[in-house]
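Structural description and commentary
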Amino acid sequence: MNASGREPRGYQNAFSDLVPGVFDRASRERKAVTALRVLEDRLGPRLADCRVVDVGASSGIIDARLAPHVREVVGIDIDEKALRFARERAPGDRLRFACGDAMSLPLADASVDVVFCAHVYEHVPDAERMMAEIHRVLRPGGYCYFAAGNRFQLVEPHYRIPLLSAMPRWLAHRVIRRLGVADHYHELHLSLFGLKRLTRRFRRHDYTLRLIRDHRAYATTYLLPGARWKRALIRRFAGLLYPLIPTYIWLLEKEGPSP
């Protein structure tokens, strides 16, 4: 603990070395298609004239998929290895990448139409500062596509250890050391209540249940693995199980008149 009583957490500067899945083109393109359909649903033809910033761009695969549909995409990350991969494969002149800190974005106030922020908050040292920065750089009427993992999920997604993110921090550190996969548990997931508090500056447009129930429209079949009857059961009872859904998809709107 530091003097404030909080757990000190640094940066994961080489995240792509820890999680090689960031280079998995198929899985990341699936997520990009879902994001595009959500943004098209909300913005319609206006999307084509939007400047998009991806906070936590990593390998740039998602950005490359988004770029043909918008005016410009700027991918920002601190992982130099992942950014090299992204730059080598950057298509056209609508896409560029920059090394930058999610808690201090190298962007002017109110200069961005859409921020893409998917499964990033649990990795940064201070998620509150990151969300404040996203709010700062968005134009009034702009949106943040926010995909966020729930603390109370059955299997922790980074290490595939059951209930790891739900454990008390001291126990999670001990478990992860005992299994020999890391010397501490860096990721810090929030509950549904915590995520709502984290995003309190914004107006939330919740797409989570729509993505589960209308999987064809949003290309989210990959979110519902297993037999057809299992998928049908999940869709039927998703509303009741909402506080335990592994991932929430929200469009966060910075309120104010659109330019």
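Note that this is a predicted model, so its numbers are computed, not measured.

A closer look at unusual backbone geometry
- Even without a glycine there, the phi angle at Ala110 is positive, about 50°.
- Assignment of secondary structure puts Ala110 in the loop between strand 3 (95–99) and strand 4 (112–118).
- At His119, a position not held by glycine, the phi torsion is positive, near 55°.
- Looking at the secondary structure, you find His119 in the loop between strand 4 and helix 5 (127–137).

Focus: the sheet that holds strand 5 (residues 138–149)
- As summarised here, the arrangement of the seven strands in space is 3-2-1-4-5-7-6, forming an open sheet in which the pairing is mixed. Across the chains shown, the open sheet's two edge strands, defined by having one partner strand only, are strand 3 and strand 6 (203–206). Adjacent strand axes in the sheet meet at a mean angle of 20° when their direction is disregarded.
- Of the strand pairs in this sheet, strand 1 (residues 51–55) and strand 2 (residues 72–77) are connected by five bridges, and their pairing is parallel. Looking at strand 2, one finds that Arg51 is bridged to Glu72.
- The strands touched by helix 2 (residues 25–43) within the sheet are strand 4, strand 5, strand 6 and strand 7 (247–253), with strand 5 carrying the most contacts at an inclination of about 145°.

Focus: the pairing of strand 7
- Across the seven residues that make up strand 7, a large majority, six, are buried.
- Examined bridge by bridge, strand 5 and strand 7 share seven bridges and lie antiparallel to one another. Each bridged residue has a counterpart across the sheet, and for Ala148 the counterpart in strand 7 is Tyr248.
- For strand 6 and strand 7, the ladder comprises four bridges, and the chain directions are antiparallel. When the bridges of strand 7 are listed, Asp206 appears paired with Trp250.

Section: the packing of aromatic side chains
- Summed over the entire model, instances satisfying the criterion amount to eight aromatic pairs.
- Centre to centre, the rings of Phe116 and Tyr145 are 5.2 Å apart; their planes meet at 5°, and the pair counts as stacked. Placement of Phe116 in strand 4 and of Tyr145 in strand 5 is noted, with a sequence separation of 29 residues between them.
- Residue Phe116 is classed as buried on the basis of its relative accessible area of 3%.
- Judged by its relative accessible area of 3%, Tyr145 falls in the buried class.
- Ring pairs connect the aromatic residues Tyr121, Phe146, Tyr242, Tyr248 and Trp250, which therefore count as one cluster.
- One Lys or Arg, Arg89, reaches over the ring of Phe85 and ends 3.8 Å from the middle of that ring.
- Of note, Arg210 hangs over the ring of Tyr207, and the distance from its end group to the ring centre comes to 4.0 Å.

Regarding a nonpolar patch on the surface
- Judged by side-chain polarity, Phe152, Trp229, Leu233, Phe237, Leu240, Leu241 and Leu244 come together as a nonpolar surface patch covering roughly 760 Å² of accessible area.
- Inspection of the secondary structure puts Phe152 in the loop between strand 5 and helix 6 (169–178).

What counts and how
Residues numbered from 1 in each chain as written. Predicted model: local features only at pLDDT ≥ 70, side-chain atom pairs only at ≥ 80, totals over all residues. Heavy atoms only, no water. Helix = DSSP H or I, 4+ residues; strand = E, 2+ residues; numbered from the N terminus. Pairing = 2+ DSSP bridges. Axes fitted to C-alpha atoms, helices over the stretch in contact; angles between N-to-C directions. Contact = heavy atoms within 4.5 Å. Buried < 20%, exposed > 50% of the residue type's maximum accessible area, 1.4 Å probe, protein only. Phe/Tyr/Trp six-rings, centres within 6.5 Å; stacked < 30°, edge-to-face > 60°. Lys NZ or Arg CZ within 6 Å of the ring centre and 35° of its normal. Patch = residues over 30% accessible without salt bridge, like charges linked within 9 Å, V, L, I, M, F, W, Y side chains within 5 Å. Areas by Shrake-Rupley, 256 points an atom, 1.4 Å probe, with all protein chains shown as cover. Salt bridge = Lys/Arg side-chain N within 4 Å of Asp/Glu carboxyl O.

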